[in-house]
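Commentary on secondary and tertiary structure
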Amino acid sequence: PPAADLPPSALPITASDRQAAEASQPGDALASDINNMQVDNSSDNGEDVVMKDKLLPKVKQVSKCVYCESNSAESLKTVPCLGCGSRCHIDCIKSAAGFRDKILVGDDFFHFKCEKCTGGAERFRRYHLSWVDVVHITLFNLTHSPQARASRLRGSDAAGQFSSSEHGPQEYGDSRVYFHYKADVAQFIDQHWGYFWTKPRGETWVNSASSALSTNSTENVPEDGRFESGKAKYNKNGMWALTDDLRFPSSYDSAQQQKTRTVMYSFAEDGSLVELRAQAGNGRRKRRTDPAPKTPTPGVRGTKKSRNDPGTPTGSALAYAASAGGGAKRGARGKRDKQSEWAISMWPDIDNMPGPVHMSREETHAAAQFVIESDRLTVWNDKGYRMAKASHGVEQGAWYFEAQVLAPVRPEFNLRIGWSQISGDLQANCGYDVFSYSYRAKPCTRFHAAIGSPYGEDYG
């Protein structure tokens, strides 16, 4: 759909080394009956399903493990119970007993309920992770875990994919520990790919990791940026550090992001991820159907999808869209290939809904950080590059749309406007992946798959 994303600005349309040690709890500190505890890795109806996390009454997190009853504030391997708020040690959780050593420090992106809150059957599953989550967990481990650094050095890179003249750990004077985005961060992610996801690696995944760093840096998000750029501060190309190396990645989630977290995986006995099947009405893979008959847009004739013109960008048009030929039917998806199959499967096409075109609030269309105003035509974002899309898609013909750029909330704004398929990453720049194309305001640049070239004139 027409998509826009914006860094620290609010535009309308579319779009140290501090000492920290992992505190492991001794086995004799566990609750006496923990070994007899039941483990529940299923849904309420007994079936493993992809599900949106139910909105529970907000509870205050408590730095005390309900199992061993010791303080968990100093541990880097804890996870909060969604029921009582207690931060429990990973070592104390029965359902993670077979793979607790594999869980990375700082990673608490789990749907977890302790035995006391469930009446005896723990619940422990994995949330879907974004690129920002993965990059942050990676830097957190490189910063805090000597084992993580040693693992990087032992890694195989016969093809030279992660070679670089620079690598971490490096310190430049601000007490932070810096690592290279490719030699350290990307290589760590590559070695732990199966820990984070079950999807295959795409051709541009290293660019995705790099984009997550830059769009969530203190340069783009001055008030609450996660990452510090060595290039910006010390002219050290490709070097990155955590802004606050004791802050868990999950602590950056807004209330809206917490609401949209999706439970995507259960665990095998060895800790490998087991993708949950889709659940109608609750999963990311649901295909929405409208009970009401489709109402065609006035003056636009529906047509069958053409497979003969893959070069034409496809997407949705705004209320201002006009057609120079062709028709509107469904939010289009491009030709499938093995590299991107996972993304297409995760976000199936959605039929155009009846009624006028507007900015969509569907979780497939707008990042949670965006504010879509009541007119459903004005959208803005306060921090970082994100993406929001319109409600209707086009598949064939020549289309254009118009957007009015209003006064920015912050003077250091920027903006990209363009077209995106449904699988375009909402937590990144429009044009950063193979599913979107964009035109940046300043300096005027067009982007696709994170590759830019000069184009047009500055705007906004």
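Small disclaimer: the values here were computed from a predicted structure and weren't measured.

A tally of helices and strands in the protein yields nine helices and 21 strands. Looking at the protein residue by residue over its 460 residues, the buried ones come to 51%. Roughly 20800 Å² of accessible area belongs to the protein as shown, and the carbon and sulfur atoms make up 48% of that amount.

Quick look at the pattern of salt bridges now. Inspection of the entire model under this criterion finds nine salt bridges. Here R261 and D133 are joined by a salt bridge, their closest N and O atoms 2.8 Å apart. Taken as a pair, R261 in the loop between α8 (255-259) and β11 (262-267) and D133 in helix α2 (residues 131-144) lie far apart in primary sequence, 128 residues in all. For the pair formed by R261 and D133, the shared burial category is buried. The partner of D174 in a salt bridge is R176, with the nearest N and O atoms 3.2 Å apart. Exposure class is identical for D174 and R176. Each is buried. A network of salt bridges, in which partner residues are shared, links D174, R176, E228 and K233.

Right, let's get into helix α6 (residues 205-215). Judged by how many residues are buried, α6 sits mostly within the fold: eight of 11 residues are covered. Residues of α6 that are buried: W205, V206, S208, A209, S211, A212, L213 and T215. Turning to α6, the residues buried within the fold contact α2, α4 (181-191), α5 (193-196), β9 (227-229) and β10 (239-242).

It is worth spelling out empty space enclosed by the protein at this point. The computed volume of the second largest cavity comes to approximately 50 Å³. With four residues, α6 is the largest single contributor of residues to the lining of the second largest cavity. Residue composition of the lining of the second largest cavity, grouped by class: five nonpolar, five polar and one charged.

With that settled, consider the sheet that holds β9. Spatially, three strands are ordered β8-β10-β9 in an open sheet, and the strand pairing comes out antiparallel. What marks the edges here is a single partner per strand, and that holds for β8 (179-180) and β9. Where β9 lies against β10, three bridges are found, and the strand directions are antiparallel. When the bridges of β10 are listed, S229 appears paired with W240. Across the sheet, α2 is in contact with β8, β9 and β10; its angle to β10 comes to roughly 85°.

Here the focus is the packing of α2 against α6. Relative to each other, α2 and α6 sit at 80°, their axes nearing to 9 Å. Of the possible angle classes, the one that applies to α2 and α6 is roughly perpendicular. On α6, the residues that touch W131, V132, V135 and L139 of α2 are W205, S208, A209, A212 and L213. Partitioning the contact of α2 with α6 into residue classes produces eight nonpolar, one polar and no charged.

Cis rather than trans, the peptide bond between G168 and P169 has omega equal to 5°. For P169, the location among the structural elements is in the loop between α3 (146-154) and β8. With an omega of -15°, the peptide bond between K442 and P443 qualifies as cis. Position of P443 among the secondary structure elements: in the loop between β19 (436-440) and β20 (445-448). Positive phi is not limited to glycine here, since E69 has a value of about 60°. Of note, E69 is situated in the loop between β3 (51-52) and β4 (78-80). The backbone of N235 sits at a positive phi, close to 60°, despite the residue not being glycine. Its location among the elements puts N235 in the loop between α7 (230-234) and β10.

The interhelical angle for the contact between α4 and α6, taken along N-to-C directions, is 115°, at an axis separation of 10 Å. Where α4 crosses over α6, the handedness of that crossing is right-handed. Across the interface between the two elements, Y181, A186, I189 and D190 of α4 pack against W205, V206, A209, S210 and L213 of α6. Each residue belonging to the contact of α4 with α6 can be placed in one class, and the counts come to seven nonpolar, one polar and one charged.

Bringing the nonpolar core into the picture now. By size, the foremost hydrophobic cluster in this structure holds 59 residues, and its most contacted members are F124 and W131. Sorting the residues of this core by element identifies β6 (110-113), β7 (121-127), α2, α4, α5, α6, β10 and β11 as the ones contributing at least two each. The biggest single contributor to this core is α2, with eight residues. Dropping the residues within four chain positions of it, W131 is found in contact with I189, W193, W197, K199, W205, S208, A209, A212, D425 and Y432. Counting residues in hydrophobic clusters, the runner-up holds 12 residues, among them M359, A367, L426 and C430.

Of note, V357 is situated in the loop between α9 (341-346) and β14 (371-372). A C-alpha to C-alpha distance of 8.6 Å links V357 and L377, two positions 20 residues apart in sequence.

Quick look at α2 now. The end-to-end C-alpha separation of α2 is 20 Å, in line with the 20 Å expected for 14 residues at 1.5 Å each. The element α2 is extensively covered by neighbouring structure, given that 14 of its 14 residues are classed as buried.

A word on the packing of aromatic side chains. In this structure the tally under the stated criterion is 20 aromatic pairs. Seen from their ring centres, F110 and F267 are 6.0 Å apart, and the 45° between their planes marks the pair as tilted. Placement of F110 in strand β6 and of F267 in strand β11 is noted, with a sequence separation of 157 residues between them. The exposure class of F267 is buried, given its relative accessible area of 14%. Judged by centre distance (6.3 Å) and plane angle (10°), the ring pair of W131 and W205 falls under stacked. In this pair, W131 is assigned in helix α2 and W205 in helix α6, connecting sequence segments 74 residues apart. Judged by its relative accessible area of 9%, W131 falls in the buried class.

Definitions and cut-offs
- Residue numbering note: each chain is counted from 1, following its sequence as written.
- In view of the model being predicted, local features appear only for residues whose pLDDT reaches at least 70, and side-chain atom pairs are presented and counted only at 80 or more, with totals across whole chains, interfaces and linings using the full set of residues.
- The basis for every side-chain value is the complete set of non-hydrogen atoms in the structure, without hydrogens or water.
- Under the scheme used here, helices are H or I runs from DSSP no shorter than 4 residues and strands are E runs no shorter than 2 residues, and both carry numbers assigned from the N terminus.
- Partly exposed residues are those whose accessible area sits between 20% and 50% of the maximum for their type, while under 20% is buried and over 50% is exposed, using a 1.4 Å probe and protein chains only.
- Method for areas: the Shrake-Rupley scheme with a 1.4 Å probe, in which residue coverage is limited to the protein chains shown.
- The term salt bridge refers to a side-chain nitrogen of Lys or Arg lying within 4 Å of a carboxyl oxygen of Asp or Glu.
- The contact criterion used is simple: two residues touch if any of their non-hydrogen atoms lie within 4.5 Å.
- Using only the protein atoms, space was sampled on a 1 Å grid; points where a 1.4 Å probe fits but cannot get out form cavities, open sets with protein on both sides within 12 Å along at least five of seven lines form pockets, and lining residues are those with an atom within 4 Å of a point.
- Grid points are joined across faces, edges and corners, and a volume is the space filled by probe spheres set on the points.
- Three classes are used: nonpolar for Ala, Val, Leu, Ile, Met, Phe, Trp, Tyr, Cys and Pro, charged for Asp, Glu, Lys and Arg, and polar for all others, with Gly counted as polar.
- Pairing between strands is defined by DSSP: at least two bridges between the two strands are required.
- Whenever a helix is involved, its axis is fitted only over the stretch in contact; in every case the axis is a line through C-alpha atoms, and angles between N-to-C directions fall within 0 to 180 degrees.
- Any angle between 65 and 115 degrees counts as roughly perpendicular, while under 35 counts as roughly parallel, over 145 as roughly antiparallel, and the rest as oblique.
- For any pair of crossing helices, the crossing counts as left-handed if the nearer helix is rotated counterclockwise from the farther one by less than a right angle, and right-handed if it is rotated clockwise.
- As used here, the term nonpolar core means buried Ala, Val, Leu, Ile, Met, Phe, Trp, Tyr and Cys residues forming a set that is joined through side-chain atoms within 4.5 Å.
- Take the number of residues in a helix, subtract one, and multiply by 1.5 Å to get its expected span.
- When the centres of two rings from Phe, Tyr and Trp lie within 6.5 Å, Trp using its six-membered ring, the rings pair. Their planes under 30 degrees apart give stacked, over 60 give edge-to-face, and anything left gives tilted.

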